[in-house]
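# Structural overview for review
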Amino acid sequence: MTPNTLPAPQRLASGPAKPDISPIDYVKLVLKEGRRRIVTLTAIFAAIAVLTLLAGLFVLAKNYTASVTILAQDSDIIQPLLEGRAVSTGVADRAGMARQIIYGRKVLSEILHVGGWDQDESLSAVAKDRLMEDIRNRAVVTSPRPDLVTITYRDTDPERTYRVTDAFGAQFISEALAAKERESREAYEFIDKQVQAYHRKLTDAENNLQEYRSRNADAQPGSATDVNTRIAALRTQVEQTRMSLLEQESRENSIAAQLSGESAVTSVQTRETLYRTQLIELQTELDRLMLTYTERHPDVMRVRHQMEDLQRQIEQERSRPPGVRSATGSEDSQLNPLYQELRSQLAQSRREVAATRSRMGVAESLLNTELDRSRRIAASESVLAELTRDYEVNREIYQDLLRRRENARVSMGLDQENRGLTLRVQDPAIMPLRPSGLRLMHIAAVGLFAAIAVPLGLLWLLVRFDPRIRSPQLVETRSRYPLLATIPAYPSPRERRRQLARMAVGTALVLAVVLLYGATYAYKSSLG
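Residues numbered from 1 in each chain as written. Predicted model: local features only at pLDDT ≥ 70, side-chain atom pairs only at ≥ 80, totals over all residues. Heavy atoms only, no water.

What follows covers the overall build of the chain. Along the backbone of the chain there are 15 helices and six strands. Excluding contacts between residues fewer than 6 apart, the proportion of contacts in the chain whose partners are at least 24 apart in sequence is 84%. As displayed, the chain has an accessible area near 34,300 Å², and 56% of this comes from carbon and sulfur atoms. (Helix = DSSP H or I, 4+ residues; strand = E, 2+ residues; numbered from the N terminus. Contact = heavy atoms within 4.5 Å. Areas by Shrake-Rupley, 256 points an atom, 1.4 Å probe, with all protein chains shown as cover.)

Shown next as structure tokens:
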């Protein structure tokens, strides 16, 4: 009894086979099922392999890739010489600048002409737009280094790929240089307009300031300083004059007080008083001589005789009546010289006080005039400050714009002569000889792998999930009945012939696939 003829109760109704047999027996079962279904498996193998090869030959398009590398380099000689005088218009993000240029509609329109797409007169505007979008998607811009820009383009036609890539590089250099020149020229024109505008503003501000100064004499530069200096000097002069006036008034009062205590006329002493005075003097001289000489000395005697004469004259004066003494002029009167001197000093002092008061009045008048002038200057100072500030600001901006305009002029000259940032092709585009990306050999290898893996996977799934019992060891483990013996199956001659025929068909299919792959490889090798 074979496992396939077991009664129904002794077979599993459903469910996958469990891995309770040895791996060797499992492999034998897979090989056995493979021999039984060799035609089906080889047919699946051949179908997958042939379909993959045909897809690689006819469906998958060949892509050719070309690239051009552009070097952006600053001038190493001119830049140090013109540092601070010229501004380079180089762009730091050169990859972004390249994308903006080559993805623009102007460059893509030129690319349509270079690639020959615009020769089709039936191409509509929508089709052109889609074609531009397709070209944009196939063009890649990268920047390996800050000074390098690489433009890569892929297409199905190698010659067109080369032409388009080369045109991309040329258009990028041309547009970048034109953009640099245009940028520097626009910058110069803008600054020149600003210079002219601020020149008009500066002229207006200067005219307003000059007109205000001509209408206001006190609105001259340094007027406030001069007025403050003049006010300080006049205040000092007034204070000094006031102190001098107080001094002179005090002196006048003192002289007046002295003058009030003096008499204008002085009385001279009488003759008797004069004689007595002379007598006293002679007595003093006699006393002095007596200390040295005797009574007989001539000088002593002379002094005594003089004293006697004076005594007689005194007696005569006394014997005269008072009226006679006045009539004979025995008493004289004259003006007081001290009184005259004090009067002269008082008059001089009064003249000085009047002059000082006049000088102080003039100084105070000048001080008041300068104070009024200072107030007028302070009132006009805000207007003058505003006009001066406008003039100074416009002048500073105008001078700065003049320097910037000259710098922009030099920069524009550098860009016009391409002396600043230079763009040149570092690695030119070349004609692509072989397609890039997935090639036919890659697709063929993947197809062969899939053609082998799919039949083996299906065979494994069949053995793994088929509920029928194909091994004698599973009878005892699943039916709980002892297995007494196994009867092997012997194929009949007819079954052997059918098996050989299936083997022959399967082998023929495999050989056909191998020959087809070999012939395709030989043909591709001869072409390229």
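With that out of the way, let us pick up a nonpolar patch on the surface. There is a patch of nonpolar side chains on the surface, built from Val454, Leu458, Trp460, Leu461 and Phe465 and spanning about 450 Å² of accessible area. With respect to the helices and strands, Val454 occurs in helix 13 (residues 440-465). (Patch = residues over 30% accessible without salt bridge, like charges linked within 9 Å, V, L, I, M, F, W, Y side chains within 5 Å. Salt bridge = Lys/Arg side-chain N within 4 Å of Asp/Glu carboxyl O.)

Time to look at the packing of helix 9 (residues 271-290) against helix 10 (residues 298-319). Where helix 9 contacts helix 10, the axes come no closer than 9 Å and their chain directions differ by 160°. Judged by the inter-axis angle, helix 9 sits roughly antiparallel to helix 10. Two packed elements cross with a definite hand, and for helix 9 against helix 10 that hand is left-handed. (Axes fitted to C-alpha atoms, helices over the stretch in contact; angles between N-to-C directions. Parallel < 35°, antiparallel > 145°, perpendicular 65-115°, else oblique. Left-handed = near helix turned anticlockwise from the far one by under 90°.)

All right, on to the pairing of strand 2 (residues 139-142) then. Regular strands place side chains that alternate from one sheet face to the opposite one. The two faces of strand 2 differ: Ala139 and Val141 on one face are buried, but Val140 and Thr142 on the other face are not. Note: strand 2 against strand 3 (residues 148-155), four bridges, orientation antiparallel. Residue pairing for strand 3: Val140 is matched across the bridge by Thr152. The hairpin turn running from strand 2 into strand 3, its antiparallel successor, is five residues long. (Buried < 20%, exposed > 50% of the residue type's maximum accessible area, 1.4 Å probe, protein only. Pairing = 2+ DSSP bridges.)

Another aspect to go through is the nonpolar core. In terms of nonpolar packing, the biggest core is built from 28 residues, with Ile102, Ile111, Trp117, Ile135, Ile151, Phe168 and Phe172 touching the most fellow members. Of all the elements in the fold, those that place two or more residues in this core are strand 1 (64-73), helix 4 (94-102), helix 5 (105-115), helix 6 (125-138), strand 2, strand 3 and helix 7 (158-215). When residues in this core are grouped by element, the largest group, six residues, is from helix 7. Not counting residues up to four positions away in its chain, the partners in contact with Ile135 are Leu108, Ile111, Leu112, Trp117, Tyr153 and Phe168. Ranked by size, the runner-up nonpolar core spans 15 residues in total, among them Tyr188, Leu202, Ala205 and Tyr391. (Core = buried A, V, L, I, M, F, W, Y, C linked by side-chain atoms within 4.5 Å.)

Overall, the coordinates contain 20 salt bridges when judged by the stated rule. Connected through shared salt-bridge partners, Asp134, Arg138, Asp155 and Arg160 make up one network.

Time to look at the confidence of the model for the chain. Confidence in the prediction of the chain, expressed as mean pLDDT, is 76, and 78% of residues score 70 or more. A low-confidence stretch, residues 75-91 (pLDDT under 50), is modelled with 25 contacts involving residues beyond four sequence positions or located in other chains. Scored below 50 in pLDDT, residues 325-333 shows 19 contacts in the model against residues more than four places distant or in partner chains. (pLDDT = per-residue confidence, 0-100.)

Right, let's get into the environment of Arg163. Relative to the helices and strands, Arg163 resides in helix 7. The exposure class of Arg163 is partly exposed, given its relative accessible area of 30%. Along the primary structure Arg163 and Ala429 are separated by 266 residues, whereas in three dimensions their C-alpha atoms are 8.5 Å apart. When near neighbours in sequence (up to four residues on either side) are disregarded, Arg163 contacts Val114 and Gly115.

Helices that pack against each other are described as a pair by the angle of their axes relative to one another and the distance between those axes. Two numbers describe how helix 5 lies on helix 6: the axes approach to 10 Å, and their chain directions differ by 100°. The pairing of helix 5 with helix 6 is recorded here as roughly perpendicular in orientation. On the side of helix 5, the interface is formed by Arg105, Leu108, Ser109, Ile111 and Leu112, while helix 6 contributes Asp129, Leu131, Met132, Ile135 and Arg136.

Examined against the element boundaries, Thr161 turns out to sit in helix 7. Overall, the relative accessible area of 0% leaves Thr161 in the buried class. In this structure the side chain of Thr161 is engaged in a polar contact, spanning 2.6 Å, whose partner is the backbone oxygen of Asp157. Beyond its immediate stretch of four places on either side in the chain, Thr161 contacts Tyr64, Thr65, Ala66, Tyr153, Arg154, Asp155 and Pro432. (Polar contact = N/O pair within 3.5 Å; in protein donor to acceptor, adjacent residues only side chain to side chain.)

Right, let's talk about the side chain of Thr150 for a bit. Along the chain, the position of Thr150 falls in strand 3. Judged by its relative accessible area of 11%, Thr150 is buried. Apart from the residues within four sequence positions on either side, Thr150 is in contact with Ser67, Val68, Thr69, Val140, Val141, Thr142 and Pro144.

Now for helix 10. With 22 residues, helix 10 extends 32 Å between its outermost C-alpha atoms, agreeing within 8% with the 32 Å of an ideal straight helix rising 1.5 Å per residue. Within the span of helix 10, buried status applies to Val300, Val303, Met307, Leu310, Ile314 and Glu317. Projected down its long axis, helix 10 shows its buried positions confined to an angular sector of 100°, all on one face. More than 90 degrees from the buried face of helix 10, the exposed residues found are Pro298 and Ser319. (Expected span 1.5 Å × (residues − 1). Arc of directions from axis to C-beta.)

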